Amino acid sequence: MESIICGIQQIGIGVSDVTEAFKWYIKAFGCDIKILDDDKPAERMLPYTGGKTQPKRAILAVNLRGGGGFEIWQPRERELKYLAEKPRLGDIGILACKIKSSDIERSYNHLKKTPGAILTGEIEKNPAKKKHFFLYDPYGNLFEVEEDNYVFSKIDKATGGVNGVIIGVSDIDKSAEFYEKLLGYDTVVYDETGVFDDLKHINGGDKRLRRMMIKPSRPIQGPLSEILGTSHIELVHSPDIQPVRLYENRWWGDPGFIHLCFDIRNMAGIKTQAEALGHPFVCDSGADFQMGEAGGHFTYVEDPDGTLIEFVETFKIPILKKLGIYLHLKNKDDRKPLPRYITKALRFLKVKDL
């Protein structure tokens with residue numbers, strides 16, 4: 001059975017206060033559909049948590065305009081390790097989270113008025129001639145809001161959800177091969193080297209960079225694919241700096257972008273492909289994993305530089321848990337999107353209070 005990458009499910013963000021951060025991400029990016037809220041200890045990430053089970057709280061939420069979600073993690077009962085300096089373009093790891101916008105001017109004005117958002121400049125154009133702008137959240141994480149017309153549900157919000165990421169790498173060609181062969185990001189949108197005007201306000205953006213944007217050629221498919229929508233990955237390398245590896249000597253869950261997660265079908269097929277590429281699973285929850293009221297199977301691999309890529313095969317999502325109503329996905333068609341009247345039922349998970 002062929003494995004299927006349905007889309008970017010979420011980006012993991014380590015924070016010091018999950019409630020405060022969740023409130024901010026709702027205001028800034030409209031991610032008010034709370035899929036799960038879990039406070040069980042992280043027992044299955046031992047290679048990245050010092051070999052010990054770590055207490056935590058995690059919230060996963062999405063924006064029904066379409067796009068990936070945010071998985072916000074707060075490690076508990078331990079001291080957090082912060083980066084000594086703000087990440088630069090050219091450092092190794094997830095450098096920025098991309099956000100969908102079908103109205104870039106509205107998004108810009110909304111975020112300009114959002115307390116805690118630090119916009120770095122004006123609206124610019126990337127090498128693909130698409131409008132975008134950058135901002136930092138209150139915790140020092142970099143976001144790129146991009147012109148993108150994909151919309152799942154036409155709700156009144158200033159942005160959509162996650163559109164992709166910028167990943168700093170040591171060898172773009174090697175990394176591009178990994179993301180193509182394992183994840184299907186096989187189409188090069190652009191591949192350019194130089195000093196770029198649209199990056200001039202970003203830390204490290206004044207240096208010479210090679211940047212390559214890649215996306216899948218295959219149309220979106222899978223039960224939840226229409227919520228997650230389209231996505232792309234931008235790989236960045238600087239020949240002019242000595243890069244910092246963003247999670248070197250830090251634990252998973254420490255502040256920053258901790259992983260990029262893909263919603264998938266057929267975990268066994270992913271495992272075979274990953275092993276054939278020399279990137280075996282480094283964590284495997286097993287197929288009976290429960291996180292809050294949701295259920296599924298998660299695994300991780302490392303990309304060529306050790307950046308964590310998560311795979312989740314979702315089996316169950318609560319809709320109205322007090323009434324025992326769940327969305328069951330285990331036996332659904334692996335390729336076909338669910339009917340929209342079903343997926344739009346996720347609106348019942350909209351946050352009313354925290």
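Note that the structure is predicted; figures quoted are calculated from it, not measured.

**Regarding the side chain of arginine 265**
Inference 1: Tracing the backbone through its elements, the reader meets arginine 265 in strand 14 (residues 256-265).
Inference 2: Residue arginine 265 is classed as buried on the basis of its relative accessible area of 2%.
Inference 3: Among residues more than four places away in sequence, those in contact with arginine 265 are Glu2, Ser3, Ile4, Cys6, Pro223, Glu313, Thr314, Leu329, Lys330, Lys332 and Asp334.

**Comments concerning the pattern of salt bridges**
Inference 1: Counted according to the given criterion, the structure contains 23 salt bridges.
Inference 2: For aspartate 91, the salt bridge identified is with arginine 88, shortest N-O distance 2.8 Å.
Inference 3: On the basis of relative accessible area, aspartate 91 is assigned to the buried category, the value being 2%.
Inference 4: In this structure arginine 88 comes out as partly exposed when scored by relative accessible area, which is 22%.
Inference 5: With a closest N to O distance of 3.9 Å, arginine 245 and aspartate 305 form a salt bridge. Of this pair, arginine 245 sits in the loop between strand 13 (232-237) and strand 14 while aspartate 305 sits in the loop between strand 17 (294-302) and strand 18 (308-320); the two residues are 60 residues apart in sequence, bridging distant segments of the chain.

**Description of empty space enclosed by the protein**
Inference 1: Scanning the entire structure with this criterion turns up four cavities of 30 Å³ or more.
Inference 2: Considering only enclosed or pocket space, the largest cavity measures out at about 70 Å³ in volume.
Inference 3: Across the lining of the largest cavity, the residue classes tally to three nonpolar, four polar and four charged.
Inference 4: In this structure, the second largest cavity encloses a volume near 50 Å³.
Inference 5: Considering every element that reaches the lining of the second largest cavity, the biggest residue donor is strand 4 (residues 69-75), with three residues.
Inference 6: Of the residues that constitute the lining of the second largest cavity, the class distribution is five nonpolar, four polar and two charged.

Conventions adopted
- Residues numbered from 1 in each chain as written.
- Predicted model: local features only at pLDDT ≥ 70, side-chain atom pairs only at ≥ 80, totals over all residues.
- Heavy atoms only, no water.
- Helix = DSSP H or I, 4+ residues; strand = E, 2+ residues; numbered from the N terminus.
- Buried < 20%, exposed > 50% of the residue type's maximum accessible area, 1.4 Å probe, protein only.
- Contact = heavy atoms within 4.5 Å.
- Salt bridge = Lys/Arg side-chain N within 4 Å of Asp/Glu carboxyl O.
- 1 Å grid on protein atoms, 1.4 Å probe; cavity = no way out; pocket = protein on both sides within 12 Å on 5 of 7 lines; lining within 4 Å.
- Points joined across faces, edges and corners; volume = space filled by probe spheres on them.
- Nonpolar A, V, L, I, M, F, W, Y, C, P; charged D, E, K, R; others polar.

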